Amino acid sequence: MTELVTFGETSLRVSPVGDERLETAGEVRMRVSGTESNVAVAASAMGADATWLSKLPDSPLGRRVERSLHEHGVDTEVAWADEGRQGLQFAERGPEPREKRLLQDRYHAAAASVTPGELPMDRVQRADATFVAGSTLSLSGDIVETAEAVLRAAGSGLVAMDLDFQPGLWSVEEARETLEGVFDAVDVLFANEEQARRVFDRTGSPRELAHAIASTREFDTVVITRSERGALACQGSVINEQDGIEVDAVDPTGQHEAFIGAFLERVLAGAKADEALAYGVAGATLARTIPGAMTTATRAEVDALVEDLQSGR
């Protein structure tokens, strides 16, 4: 079994029940959500041996995060902190024309103080793949240097990163400056189309966008996700595309991470880009039908949807 190691901060996501607004809701629902941990959950569901590394407060909220990941089949290596708090997100969704809202409350999160010495770096060195998200590098503190150390310690394994630009955490200029300092360690870059356009300041078609990013940096692969419109992967001068699947969406929150988890699991299993894209799109499609940011789609469900994709049904 291939091992994927992910490193980053994970928050508790608080949302009103139904379509209520944050300022009027009488009931809320709390779920665990972090880009790296969501990817680990999706890869684990596909059959990979997935481990999440981070630092959490030694509190009921911190332990809630670890317990939730264990319930989803993800192994954890956690440095427990006596100081610092559990990061929070407050999310609101509603029918159009209302816009979704995401309020970040991650100031003084315990994860921001994590150092390389608190992590099992030997496990990173042995991993078949290592994954970090840009949102983790947006936090101030030791975590930025630690994320870079994790990326550079990956040894001969695959190094993957998600651009994961979240405007509520930092500016476009700050993201560019910080991420440019670690891109040389990355083999595979994932990015949502809209975020990629903003951070790399590019126009043109999705194919032109992916090719421009790949040609100006030394990524082996650039993967652009397009929500329900599918995804594409650029490797050198070759671009593979996979159309999306139309479904009645319940919650699109975790679709991007579900795509990445399924894509990475297939790549680690030796699949080529076209197959990995099909599995990524299928995983993302199923995630849109599931409440919350962590997918509970099974490998059998993803396999069945990929079969439908490949048969044209």
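All of the points below concern the structure found in this document. Residues take numbers from 1 onward in each chain, read along the sequence in its written order. Restriction of local features to residues with pLDDT of at least 70 applies here, the model being predicted, together with a cutoff of 80 or more for giving and counting side-chain atom pairs; totals for whole chains, interfaces and linings are based on all residues. Only heavy atoms go into the side-chain values, all of them from the structure, while hydrogens and water stay out.

1. What about the overall build of the chain?
In step 1: Helical segments are the DSSP runs of H or I of at least four residues, strand segments are the runs of E of at least two, and each set is numbered from the N terminus. Helix and strand content of the chain: 11 helices and 13 strands.
In step 2: A globule of 313 residues ought to have a C-alpha radius of gyration of about 20 Å, and the chain, at 18 Å, matches this closely.
In step 3: Its C-alpha atoms put the chain at 50 × 45 × 40 Å along the principal axes.
In step 4: Between two residues, a contact is recorded if the distance between any of their heavy atoms is within 4.5 Å. Of all intrachain contacts in the chain linking residues separated by at least 6 positions in sequence, the fraction that spans at least 24 positions is 70%.
In step 5: When the accessible surface of the chain is summed, it comes to about 13,700 Å², and 45% of that surface belongs to carbon and sulfur atoms.
In step 6: His residues and chain termini do not enter the charge count, which takes Lys and Arg as positive and Asp and Glu as negative. Charge positions are represented by NZ for Lys, CZ for Arg, CG for Asp and CD for Glu. Computing the positive centroid from 30 side-chain charges and the negative centroid from 53, the chain places the two 3 Å apart. Only the C-alpha atoms count toward the radius of gyration. The rule for a globule is 2.2 Å times the residue count to the power 0.38. All accessible areas in this document rest on Shrake-Rupley with a 1.4 Å probe, and a residue is counted as covered only by the protein chains that are shown.

2. Describing helix α9 (residues 255–268)
In step 1: A helix is expected to span 1.5 Å multiplied by its residue count minus one. The end-to-end C-alpha separation of α9 is 20 Å, in line with the 20 Å expected for 14 residues at 1.5 Å each.
In step 2: When accessible area is computed with a 1.4 Å probe and restricted to protein chains, residues below 20% of their type maximum are described as buried, those above 50% as exposed, and intermediate ones as partly exposed. In terms of burial, α9 is largely enclosed, as 13 of its 14 residues are buried.
In step 3: Following α9 by one or two positions, glycine 270 has its phi on the positive side, about 100°.

3. A closer look at the pairing of strand β4 (residues 49–57)
In step 1: Most of β4 sits out of view: eight of its nine residues are buried.
In step 2: By the convention used here, strands pair only if DSSP detects at least 2 bridges between them. Looking at chain direction, strand β1 (residues 3–7) and β4 are connected through five bridges and run parallel. In the strand pairing of β4, phenylalanine 7 is matched with leucine 53.
In step 3: Summarising the sheet, β4 and strand β5 (residues 75–81) pair through seven bridges and their orientation is parallel. For leucine 53, the partnering residue across the bridge sits in β5 and is glutamate 77.

4. Some points on the environment of serine 33
In step 1: Take serine 33: it is sitting in strand β3 (residues 28–33).
In step 2: Considered as a pair, serine 33 and leucine 69 are 36 residues apart in the sequence and their alpha carbons are 9.9 Å apart.
In step 3: Apart from the residues lying within four places of it in its own chain, the contact partners of serine 33 are Thr10, Ser11, Arg13, Asn38, Gln89 and Ala293.

5. Focus on the sheet that holds strand β7 (residues 101–105)
In step 1: Here we have four strands laid out as an open sheet, ordered β3-β2-β6-β7, and mixed in their pairing. Looking along the sheet, the strands with just one partner apiece sit at the ends: β3 and β7. Mean inter-strand twist for the sheet, computed between neighbouring axes without regard to direction, equals 25°.
In step 2: Two strands pair when backbone bridges link them, and strand β6 (residues 88–92) and β7 are joined in this way by five bridges, in the antiparallel orientation. Looking at the pairing, leucine 88 lines up with aspartate 105 of β7.
In step 3: The convention used is that axes are lines fitted to C-alpha atoms, helices contributing only their stretch in contact, and that angles between N-to-C directions extend from 0 to 180 degrees. Across the face of the sheet, helix α2 (residues 60–71) comes into contact with β2 (11–16) and β3 while running at roughly 65° to β3.

6. A few points about the packing of helix α1 (residues 35–46) against α9
In step 1: Put simply, α1 and α9 touch, their axes get as near as 7 Å, and they point 50° apart. As judged from the angle between their axes, α1 and α9 are oblique. Relative to α9, α1 is oriented so that their crossing is right-handed. Contacts between α1 and α9 involve Thr35, Asn38, Val39, Ala42, Ala43 and Met46 from the first element and Glu257, Ala258, Ile260, Gly261, Ala262, Leu264 and Glu265 from the second. Throughout, the term roughly parallel applies to angles under 35 degrees, roughly antiparallel to angles over 145, roughly perpendicular to angles from 65 to 115, and oblique to all others. In this scheme the handedness of a crossing depends on how the near helix is turned from the far one: anticlockwise by less than a right angle means left-handed, clockwise means right-handed.

7. Quick notes on the nonpolar core
In step 1: Ranked by internal contacts, the top residues of the largest apolar core, which has 45 residues, are Phe7, Met161, Ile213 and Ile224.
In step 2: Contacts of isoleucine 224, omitting those with residues within four sequence positions, involve Ala191, Glu193, Ala196, Leu209, Ala210, Ile213, Ala231 and Leu232.
In step 3: The set of buried Ala, Val, Leu, Ile, Met, Phe, Trp, Tyr and Cys residues whose side-chain atoms join them within 4.5 Å is what this entry labels a nonpolar core. Counting residues in each nonpolar core, the second largest holds 36 residues, with Met46, Leu158, Val223 and Ala273 among its members.

8. A short note on the pattern of salt bridges
In step 1: Any Lys or Arg side-chain nitrogen located within 4 Å of an Asp or Glu carboxyl oxygen qualifies as a salt bridge. Tallied over the full model, the rule gives 23 salt bridges.
In step 2: Glutamate 9 serves as the salt-bridge partner of arginine 106, at 2.8 Å between the closest nitrogen and oxygen. In this pair, arginine 106 sits in the loop between β7 and α3 (121–126) while glutamate 9 sits in the loop between β1 and β2, placing the two residues 97 residues apart along the sequence. Side by side, arginine 106 and glutamate 9 carry an identical accessibility label, which is buried.
In step 3: For arginine 21, the salt bridge is made with glutamate 92, and the minimal N-O distance between the two is 3.8 Å. With arginine 21 in the loop between β2 and β3 and glutamate 92 in strand β6, the pair connects residues that are 71 residues apart, well separated along the chain.
In step 4: Assessed through its relative accessible area of 36%, arginine 21 is described here as partly exposed.
In step 5: For glutamate 92, a relative accessible area of 2% translates into the label buried.

Nothing here speaks to function; it is geometry throughout.
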